[in-house]
Amino acid sequence: MKKTLFHHFIRSKEQQVNNVRLHPEIIEIREDWPVQTVLPQNDVDGSNGDALHLDGRLVNNHMLPYMKGSDRIELMDDSNGLRENMVLKSLSGSTYALKKNRISGFVRRRSLKAGEKIGIRWDNNYGCFVLNVLSRY
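What you see is a predicted model; the values in this text were computed from it and never measured.

Undergrad: Provide a residue-level description of unusual backbone geometry, including the pertinent values.
TA: The phi dihedral of Asn-19 falls on the positive side, at around 55 degrees, and the residue is not glycine. Unlike most non-glycine residues, Lys-68 shows phi in positive territory, near 50 degrees. Relative accessible area serves as the criterion here: at 78%, Lys-68 is assigned to the exposed category.

Okay, structure coming up:
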């Protein structure tokens, strides 16, 4: 859970009548990132063929159900809304790889380094997968 400050802008009728001031409150926002990976050096520098490797179990449970039989996905950068089309390839039963423009796109734009953790989730509002940096060095 992520804590954030929530500001109330609309007072209830009772609050208006009693001239009650509204104060911000701290609330928790639930952000699930079911597909998470720590970036190894070869995913960052492109020495593995410009692919991002993902745990097959996580992909099977949290990505494939939304893909409708296709190997192509749209991935949106959560920080700026930029979208990239990628291909999800099965390398073995336990590993998948996201390919196509990953290095020139997300990794370079966000200046990612080996050891940083990223997360991927499906977003019903946008109708695509969303990618975010979860922890940085």
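Structure's up, so let's keep going.
Undergrad: Pulling in residues and values, what's your account of the nonpolar core?
TA: Counting residues in each nonpolar core, the largest one holds 23 residues, and the members touching the most others are Leu-54, Met-63, Ile-73, Leu-75, Leu-98, Ile-118 and Ile-120. Sorting the residues of this core by element identifies strand E4 (51-55), helix H3 (56-62), strand E5 (72-77), strand E6 (83-92), strand E7 (95-99), helix H5 (103-109), strand E8 (117-123) and strand E9 (128-135) as the ones contributing at least two each. Per-element tally for this core: the top contributor is E9, with three residues. If we ignore the near neighbours within four places in the chain, the residues touching Leu-54 are Val-35, Thr-37, Val-59, Met-63, Leu-88, Ser-94, Thr-95, Tyr-96, Leu-98 and Ile-120.

Undergrad: Give a description of the pattern of salt bridges that names residues and reports values.
TA: By the definition in use, this model includes seven salt bridges. Measuring nitrogen to oxygen at the nearest pair gives 3.7 Å for the salt bridge that ties Arg-109 to Asp-77. Taken as a pair, Arg-109 in helix H5 and Asp-77 in strand E5 lie far apart in primary sequence, 32 residues in all. The buried category is assigned to Asp-77, whose relative accessible area is 2%.

Undergrad: Let's hear about the sheet that holds strand E3 (residues 35-38): which residues, and what values?
TA: Taking strand neighbours across the sheet as the criterion, the seven strands line up as E3-E8-E9-E5-E6-E7-E4 in an open arrangement whose pairing is mixed. A strand with exactly one partner marks an edge of an open sheet, and here the two such strands are E3 and E4. Averaged over neighbouring strand pairs, the angle between their axes works out to 35 degrees when direction is ignored. Judged from the five bridges that link them, E6 and E7 form a sheet pairing that is antiparallel.

The rules behind each value
- Residues numbered from 1 in each chain as written.
- Predicted model: local features only at pLDDT ≥ 70, side-chain atom pairs only at ≥ 80, totals over all residues.
- Heavy atoms only, no water.
- Buried < 20%, exposed > 50% of the residue type's maximum accessible area, 1.4 Å probe, protein only.
- Core = buried A, V, L, I, M, F, W, Y, C linked by side-chain atoms within 4.5 Å.
- Helix = DSSP H or I, 4+ residues; strand = E, 2+ residues; numbered from the N terminus.
- Contact = heavy atoms within 4.5 Å.
- Salt bridge = Lys/Arg side-chain N within 4 Å of Asp/Glu carboxyl O.
- Pairing = 2+ DSSP bridges.
- Axes fitted to C-alpha atoms, helices over the stretch in contact; angles between N-to-C directions.

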